[in-house]
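Observations on the model geometry
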Amino acid sequence: MADDTPEGRPDDFFSSLPMFGDLAKALQNQGPLNWDAARQFAQLGATGGASEPNVDPSVRLAFVDLARIAWYHVADVLGLDTPAPEPQAVTRGQWANGTLEAYRHLFTEMATALGTPPGGEEPDSSDPMMAMMAGLSKMMAPAMLGMAVGSMVGHLATRAFGTHDLPIPRRPGTVTLVPANIDRFAKDWEIPQDEMRLWVVAHELAGYALFEVDHLRDALSELVRQHVGAFRPDPNAVAERLGSLDLQAADPMAALQQALGDPEVLLGAVTSPAQLELRPRLDALVAVVVGFTDWIVDAVAVRVVGGDALRIAEAVRRRRVETSPADSFVERLLGIRLGEAQVARGKAFVQGVVDRAGDHGLRPLLERPEAIPTPAEVDAPGLWLARLGHDD
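Glancing now at the overall build of the protein. Looking only at helices and strands, the protein features 20 helices and 2 strands. Scored against the burial criterion, the 392 residues of the protein give a buried share of 49%. Considering only residue pairs separated by 6 or more positions, the protein has 82% of its internal contacts joining residues 24 or more positions apart. Summed over all atoms, the accessible surface of the protein reaches about 18400 Å², with 53% contributed by carbon and sulfur.

All of the buried residues in helix α6 (residues 104–114) are L106, F107, M110, A111, A113 and L114. Viewed along the axis of α6, the buried residues span an arc of 160°, placing them on a single side of the element.

What follows concerns the packing of helix α14 (residues 273–304) against helix α15 (residues 309–321). The geometry of α14 relative to α15 is characterised by a closest axis approach of 10 Å and an angle of 155° between their N-to-C directions. Classed by the angle they form, the pair α14 and α15 counts as roughly antiparallel. Handedness of the α14/α15 crossing: right-handed. Listed contacts from α15 to V290, D294, D298, A301 and V302 of α14 are A309, A313, R317 and R320.

A separate point is empty space enclosed by the protein. Throughout the structure, instances matching the rule amount to 2 cavities of 30 Å³ or more. In this structure, the largest cavity occupies an estimated 490 Å³ of space. In this structure, the largest cavity is lined by 29 residues; those nearest its centre are D165, L166, P167, R320 and L338. Elements supplying a minimum of two residues to the lining of the largest cavity: α9 (193–211), α14, α15 and α16 (325–334). Residues of the lining of the largest cavity, tallied by class, amount to 15 nonpolar, 5 polar and 9 charged. Of the voids in this model, the second largest cavity is the one considered here, and its volume is about 70 Å³. Surrounding the second largest cavity, T163, H164, I168, P169, R170, R171, G173, T174, Y208, F211, E212 and R217 form its lining.

This brings us to the environment of A42. Secondary-structure assignment places A42 in helix α3 (residues 35–47). By relative accessible area, A42 is classed as buried at 1%. For the pair A42 and G154, spaced 112 residues apart in sequence, the C-alpha to C-alpha distance is 4.1 Å. What A42 contacts, discounting residues up to four positions off in sequence, is A96, L100, G150, S151 and G154.

Attention shifts here to the pattern of salt bridges. All chains considered together, the criterion is met by 21 salt bridges. Across the pair R171 and E212 runs a salt bridge whose closest N-O atoms are separated by 3.1 Å. Placement of R171 in the loop between α7 (128–157) and β2 (176–177) and of E212 in the loop between α9 and α10 (214–228) is noted, with a sequence separation of 41 residues between them. Overall, R171 belongs to the exposed group, its relative accessible area being 51%. Among the salt bridges present, the one from D283 reaches R337, with a minimum N-O distance of 2.4 Å. With a gap of 54 residues between them, D283 in helix α14 and R337 in the loop between α16 and α17 (340–357) connect regions that are remote in the sequence. Residue class for D283 comes out buried when judged on its relative accessible area of 7%.

With that out of the way, let us pick up the packing of aromatic side chains. Applying the stated criterion to the full structure yields 5 aromatic pairs. When the ring of F161 is compared with that of F185, the centres are 5.3 Å apart and the planes differ by 75°; the resulting orientation is edge-to-face. Of this pair, F161 sits in the loop between α7 and β2 while F185 sits in helix α8 (residues 179–188), and the two are 24 residues apart along the sequence. With respect to class, F161 is no different from F185; both count as buried. Aromatic ring contacts, followed pair by pair, group F161, F185 and W189 into a single cluster. Across the ring face of F185, the terminal group of R319 is positioned such that the distance to the ring centre comes to 5.9 Å.

Its location among the elements puts D355 in helix α17. Each C-alpha atom, one on D355 and one on P381, is 9.9 Å from the other, the two residues being 26 residues apart in sequence.

Where helix α5 (residues 92–102) meets α6, the axes come as close as 4 Å, and the angle between the chain directions of the two elements is 60°. The pairing of α5 with α6 is recorded here as oblique in orientation. Between α5 and α6, the residues in contact are L100, E101 and A102 and R104, H105 and F107, respectively. Residues that form the contact of α5 with α6 fall into these classes: 3 nonpolar, 1 polar and 2 charged.

This part covers the nonpolar core. Counting 103 residues, the largest nonpolar core has F107, M196 and F292 as its most contacted members. The dominant element in this core, judged by the number of residues it contributes, is α14, at 14 residues. The residues contacting M196, other than those within four sequence positions of it, are F161, I182, F185, A186, I191, I312 and V316.

Rules of the game
- Residues numbered from 1 in each chain as written.
- Predicted model: local features only at pLDDT ≥ 70, side-chain atom pairs only at ≥ 80, totals over all residues.
- Heavy atoms only, no water.
- Helix = DSSP H or I, 4+ residues; strand = E, 2+ residues; numbered from the N terminus.
- Buried < 20%, exposed > 50% of the residue type's maximum accessible area, 1.4 Å probe, protein only.
- Contact = heavy atoms within 4.5 Å.
- Areas by Shrake-Rupley, 256 points an atom, 1.4 Å probe, with all protein chains shown as cover.
- Arc of directions from axis to C-beta.
- Axes fitted to C-alpha atoms, helices over the stretch in contact; angles between N-to-C directions.
- Parallel < 35°, antiparallel > 145°, perpendicular 65-115°, else oblique.
- Left-handed = near helix turned anticlockwise from the far one by under 90°.
- 1 Å grid on protein atoms, 1.4 Å probe; cavity = no way out; pocket = protein on both sides within 12 Å on 5 of 7 lines; lining within 4 Å.
- Points joined across faces, edges and corners; volume = space filled by probe spheres on them.
- Nonpolar A, V, L, I, M, F, W, Y, C, P; charged D, E, K, R; others polar.
- Salt bridge = Lys/Arg side-chain N within 4 Å of Asp/Glu carboxyl O.
- Phe/Tyr/Trp six-rings, centres within 6.5 Å; stacked < 30°, edge-to-face > 60°.
- Lys NZ or Arg CZ within 6 Å of the ring centre and 35° of its normal.
- Core = buried A, V, L, I, M, F, W, Y, C linked by side-chain atoms within 4.5 Å.

Distances and angles like these do not, on their own, reveal function.
Printed below as a string of structure tokens:
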């Protein structure tokens, strides 16, 4: 009799319930994250369920021409002699799909970490109802994570100008643009379309150039990987929420969807001591990358855009620091914090270096792996220059 109770095999008990048996079978063998759910929710979030026309060929050609112009100046500012990458102009849905695939390894590692009980121990199954809820939580987790990750990426796709809105390296490096979002922003802010496009292309190329530097790309990639792999979930958070469901409600599935749609409940108590220890280094490097990228864009935009460059930069940066719940979810998942304080910190570091050592003072970041600043050096660029042997 013991094996037929929750104290024996909670999953078997859960699967034997008539109302959940088919669901249990459907959710088997989906891995730590349900990628079908992720793709579907990403597309739904990106397109609203509507069909998207392909990017007009003339728009694609226009961005290719703008990239040639912008790359000449990016390469000149950074002292590069490499050929210009060819940009890809995509729809929101295509951007969402590409982003899911580019960061698939990160999301998978995150899901694996969230699926590992703290200490390797299963939650207490002495309470039959809690045991059943724990079984439901365990089986639903991959689908829930798929829905959450897909929704997050779909939301980003409605706003992203390109690949480097989120400063996480992709391999291989690409320059991917979303003309619908760029042109909509230009219209909303009454910015000439060509000037807006050129500014965004310069930003994408600046991000591309920085992440082609092996030690910058590898250092940031490794910190993000460590962050997503350090999640430690609350094994009871989802089970407790499911236990509060009103199964007598008029629409039980709607009640279930509402209960599982809260990212805070989905993730539970995820912040671990390892993540807290990692945060200063990750924040510091993100601040430097964002600050360096913005400095390159400012230098290029003044040349190719002219008087409107500062107005465009201010509008885009204001947009960057305005966060929504979905943006906060991105930060919690990937550890990339892009709030106003982070942006200002990166700008202050780069400006501090340039004020002391001129434009060439930033070159060690591109040439020397040991030049990646420590958190303390980001807040005191003079210390960074002194460590690298530069006298103020």
